[in-house]
Amino acid sequence: MSDQSELGIVLANAPRLERAFGRKLAAVITLISLYFARRPSGIAGLITSLLFIVALAVQAWLKLRV
């Protein structure tokens, strides 16, 4: 399956996600899905993935802390 069709599937399912989970959660799920559908390769991809996971962890920690 090519990257173009994977992106199309993710974007086609975005309205269903919004109806099921609400606007904010659907946006988060769609962004994460788009990120993993077009993940860069090599060392740049590894660094980007680690930074993405750290950013999500910090956001979750701040949300739980308040």
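Quick notes on the rules
- What you see as residue numbers is a count from 1 along each chain, following the sequence as written.
- Given that this is a predicted model, residues contribute local features only at a pLDDT of at least 70 and side-chain atom pairs are listed and counted only at 80 or more, while totals for whole chains, interfaces and linings are drawn from all residues.
- Excluding hydrogens and water, the side-chain figures rest on all heavy atoms present in the structure.
- Helix numbers and strand numbers start at the N terminus; a helix is a DSSP run of H or I with at least 4 residues, a strand a run of E with at least 2.
- Areas reported here follow the Shrake-Rupley algorithm with a probe of radius 1.4 Å; residue values treat only the protein chains shown as occluding.
- Each salt bridge in this description consists of a side-chain nitrogen of Lys or Arg and a carboxyl oxygen of Asp or Glu lying within 4 Å of one another.

### Points about the overall build of the chain
At step 1: Across its full length, the chain holds 4 helices and 0 strands.
At step 2: Ordered by position from N to C terminus, the α and β elements of the chain give α-α-α-α.
At step 3: Looking at the chain as shown, the accessible area adds up to about 5400 Å², and 69% of this sits on carbon and sulfur atoms.

### Regarding the pattern of salt bridges
At step 1: In the structure shown here, the tally under the stated rule is 1 salt bridge.
At step 2: One salt bridge in this structure joins Arg23 and Glu18, with 3.3 Å as the shortest N-O distance.

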